[in-house]
Amino acid sequence: MTNWKTFYNRIIRQVYLERGAEGFDAVGIARRELQNIDFRIVSDESEIPEEHLKGTTLYLRRHRGHQVGRCPGSHGHLCCNYHTIDLYAGCALGCSYCIMRSYLNFSPVTVYVDPEPAVQLVRELALQKKGETLRIGTGEVGDSLLYDPLFQLSEPFIRGLSDLDNVHFEMKSKTDFVDHLLDIEPKGNAVIGFSLNPPEIADLEEGIASAVQARIAAAKRVVEAGYRTSFHFDPVFRQANWRELYFPLIDSLAGFRKEAIAWISVGTFRYTPPLKDKIADRPYLYEEFVPSADGKHRYIQRVRAQMYRELIERLRAVTGVTAYLCMESAAIWKRVYGRMPDEVEELKGVFDDDPARLKG
Amino acid sequence: MRYMTLPDIAALSRRFDVFETGPACDSQLLKARLFTPLAVCGDDLVWGFRFLKAAGAEGISELPVVQIEPHGRLLVALKLENRTGRYSWKERYSIYTLLGELGESEDAESISLAVSGNAGFFAMMKRYACLPGHLKAAINEGRLDLSIAEKVCTLPEAACDLVFSRTGLSFSMVRELLVNLAEIRRRDGLAAGEITALVRDVLAAGDPVKALFLIRNPELSGLTGRFEAFKDRYTAQTGVSLKAPLYFEGDGYTVSFSFSTKAELRRKRETIERLEEGCDELEDLL
């Protein structure tokens with residue numbers, strides 16, 4: 001278990017606070033934890049000095065605009081009906097392959113300290129779509145839990161959505177920072193998920209993320225506490241010995257009951273040309289890639305399909321769960337599952353709108 | 001303002017002589033002495049080198065000069081030059097180097113704006129400064145852009161020279177060749193001699209870009225080869241066209257044909273039926 005107080009002293013150097021956001025609970029909690037850091041009040045991000053426009057700076061602000069939205073998906077690729085909440089935008093973990101390197105220009109990590117409007121938005125959405133499943137998460141543009149012990153912003157979502165049967169609120173992380181969430185009651189359908197790569201890859205490519213075994217241990221703790229967990233094998237890297245790396249990792253999930261796993265996703269590594277420009281020295285780029293319909297470069301279709309088949313088969317054998325594919329084409333779905341996602345019986349609930357199918 | 005003789009001006013330090021191009025000095029205006037005075041700071045001629053040279057050629061014996069303050073003298077030179085965004089790489093690098101010598105007497109932000117029109121001048125020049133000389137020269141000559149030069153900086157000079165000297169290659173072909181070569185070198189751990197030998201082999205091919213692409217992408221090349229062989233086997237000389245999805249990324253193949261007689265249609269149909277027999281082989285490529 002990572003000592004997150006020591007950890008934050010290493011990764012946070014400056015905190016800027018938007019004028020008017022001083023009174024939110026999350027700000028008060030963070031002030032108590034970060035007593036050695038001066039919270040400087042600014043009118044907006046343009047007042048943050050250039051030398052502080054970096055990942056060790058936090059910018060605390062209220063959200064304006066659409067905090068809750070559909071996952072943008074990818075042109076020509078099938079979307080898994082996921083909704084996103086902007087809570088922590090940006091990330092200091094430093095994963096080499098992170099797509100945010102190519103599209104988040106404002107490098108300080110933005111923390112939206114006013115969760116209540118988003119909770120209300122999700123509630124309204126859930127009530128409008130009462131007969132439909134709403135999978136929604138905070139891990140789209142940042143790590144859901146990296147800063148959460150400091151701001152406790154997941155808690156209002158867990159509590160505030162717990163009475164909604166059709167809402168599955170997911171926190172997705174590469175950390176093991178879950179202990180502040182364990183005692184929250186009621187938990188509703190909240191899911192605490194972990195992004196996984198083999199330690200040999202994570203140690204090289206996932207910056208200061210928690211050790212993979214620590215993430216899996218955290219998954220066990222959240223399950224023991226009464227949450228369901230999820231696993232995201234994304235991005236999966238192809239290299240000569242990829243089976244020797246990924247299969248033992250999958251095997252290490254053998255202790256999880258099928259009912260404790262809300263879902264598992266798999267996606268092979270992909271990149272946009274601007275991302276490649278920023279990470280040109282990484283050895284995994286010397287595999288063969290071809291451009292896809294969405295402009296991202298992926299492994300050759302035949303190669304991906306083979307990897308997916310083997311990974312999904314292994315995951316099913318070990319956990320009993322049928323994994324779904326993240327941002328993949330219809331052609332790949334047909335080659336891997338023999339049919340489209342809404343026709344795969346075990347994935348109904350993820351890809352269709354029946355809330356009863358996703359219950360733990 | 002005062003006048004100085006040409007020999008006196010020529011005796012001043014030339015370290016500010018960083019501008020290699022610029023508008024020519026009009027001889028009529030020179031003779032009429034209608035031109036901007038030269039800028040001088042202590043022992044430095046700060047700006048006006050072109051006038052000095054042109055005046056000598058026109059037989060003018062003295063030129064007007066203005067003494068300026070040391071603080072901000074490079075910025076004065078840039079303002080007089082007035083070519084924001086139009087400096088060559090060589091000029092920009094000279095300005096960057098000179099600025100390093102002048103230190104805090106210049107305001108870096110103003111210099112960046114005067115040179116590039118934005119705040120990115122120093123970041124860009126730091127990147128440029130890290131490149132080996134042969135790639136700096138290639139950028140200066142417009143053969144490469146900075147981001148490509150950075151990607152290919154692990155290639156030995158001999159290999160780059162071979163590519164640059166090959167005739168008939170467009171800018172984008174050179175770029176593709178060099179990027180693929182750099183990636184192959186890293187992927188396969190090739191020594192300098194090995195990658196240079198590979199360049200020689202590739203450039204000897206009729207289509208060097210394609211030849212290198214096949215080496216960079218052996219699996220895709222294998223798929224292409226298998227597909228072409230399949231086509232030869234099943235559709236050659238039949239009038240039936242068989243197309244694979246681009247990069248074998250997609251759902252299916254396309255068959256097309258035209259016909260004008262019943263007999264022709266029958267022959268095409270027979271070809272399609274033969275294709276069906278080999279369909280497993282096609283499926284395996286996607």
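Below: a short report on this structure. Computed from a predicted model, the values in this text were never measured in an experiment.

Analysis parameters
- Residues numbered from 1 in each chain as written.
- Chains lettered and ligands numbered in written order.
- Predicted model: local features only at pLDDT ≥ 70, side-chain atom pairs only at ≥ 80, totals over all residues.
- Heavy atoms only, no water.
- Helix = DSSP H or I, 4+ residues; strand = E, 2+ residues; numbered from the N terminus.
- Rg over C-alpha atoms; globule rule 2.2 N^0.38 Å.
- Buried < 20%, exposed > 50% of the residue type's maximum accessible area, 1.4 Å probe, protein only.
- Contact = heavy atoms within 4.5 Å.
- Lys, Arg positive; Asp, Glu negative; His and termini not counted.
- Charge placed at Lys NZ, Arg CZ, Asp CG, Glu CD.
- Expected span 1.5 Å × (residues − 1).
- Axes fitted to C-alpha atoms, helices over the stretch in contact; angles between N-to-C directions.
- Parallel < 35°, antiparallel > 145°, perpendicular 65-115°, else oblique.
- Nonpolar A, V, L, I, M, F, W, Y, C, P; charged D, E, K, R; others polar.
- Pairing = 2+ DSSP bridges.
- Salt bridge = Lys/Arg side-chain N within 4 Å of Asp/Glu carboxyl O.
- Left-handed = near helix turned anticlockwise from the far one by under 90°.

The secondary structure content of chain A amounts to 12 helices and 16 strands. Relative to the globule expectation of 21 Å for 360 residues, the C-alpha radius of gyration of chain A, 20 Å, shows essentially globular dimensions. Dimensions of chain A, computed from the C-alpha atoms along their principal axes, are close to 55 × 45 × 35 Å. Looking at chain A residue by residue over its 360 residues, the buried ones come to 59%. Put simply, of all contacts in chain A between residues at least 6 apart along the chain, 76% involve residues at least 24 apart. Here chain A holds 46 positive side-chain charges and 50 negative ones, and the gap between their average locations is 3 Å.

Here we come to helix α11 (residues 171-188) of chain B. Owing to its 3.6 residues per turn, the α-helix aligns residues three or four sequence positions apart on the same side. With 18 residues, α11(B) should cover 26 Å at 1.5 Å per step; its first-to-last C-alpha distance of 26 Å lies within 8% of that length. The complete set of buried residues in α11(B) reads B:Val174, B:Leu177, B:Leu178, B:Val179, B:Asn180, B:Leu181, B:Ala182, B:Glu183, B:Ile184 and B:Arg185. Buried residues in α11(B) make contact with α10 (273-278) of chain A together with α9 (146-151), α10 (157-165), α12 (192-204) and α13 (208-216) of chain B. B:Gly189 occupies a position one or two residues after α11(B) and carries a positive phi of about 60°.

Turning next to the packing of α13(B) against helix α14 (residues 218-235) of chain B. Axis angle and axis distance: for two packed helices, these are the angle between their axes and the distance between the axes, and together they describe the pair. Residue and element names in this part refer to chain B. Direction vectors running N to C along α13 and α14 enclose 110°, while the axes themselves pass 5 Å from each other. Comparing the axis directions of α13 and α14 gives the class roughly perpendicular. Judged by residue contacts, Phe213, Leu214, Ile215 and Arg216 of α13 engage Pro218, Leu220 and Ser221 from α14. Each residue belonging to the contact of α13 with α14 can be placed in one class, and the counts come to 5 nonpolar, 1 polar and 1 charged.

Right, let's talk about the sheet that holds strand β14 (residues 289-291) of chain A for a bit. Two pairing modes exist for strands in a sheet, parallel and antiparallel, and in both the strands are linked by backbone hydrogen bonds. Residues and elements named next belong to chain A. Strand order in the open sheet formed by 3 strands is β13-β15-β14, and the pairing between neighbours is antiparallel. With partners counted over all chains shown, the strands left at the sheet margins are β13 (270-271) and β14, one partner each. By the bridge criterion, 3 bridges tie β14 to strand β15 (residues 297-299) in an arrangement that is antiparallel. Looking at the pairing, Pro291 lines up with His297 of β15.

Residue and element names in this part refer to chain B. Inspection of every chain in the model, using the stated rule, returns 40 salt bridges over all chains. Ionic pairing is found between Glu273 and Arg269, a salt bridge with its closest N-O pair at 3.6 Å. Within this pair, Glu273 and its partner Arg269 are both found in helix α15 (residues 262-277), separated by 4 residues, close to a single helical turn. In this structure, a network of salt bridges that share partners links the residues Arg15, Asp44, Arg73 and Glu101.

What follows is about the packing of α14(B) against α15(B). All names here are of chain B. Viewed as axis vectors pointing N to C, α14 and α15 meet at an angle of 135°, and their least axial separation amounts to 9 Å. Here α14 is positioned oblique relative to α15, judged by the angle of their axes. Two packed elements cross with a definite hand, and for α14 against α15 that hand is right-handed. Here α14 contributes Phe230, Tyr234 and Thr235 to the contact with α15, which in turn contributes Thr271, Arg274 and Leu275. Looking at side-chain class alone, the contact of α14 with α15 contains 3 nonpolar, 2 polar and 1 charged residues.

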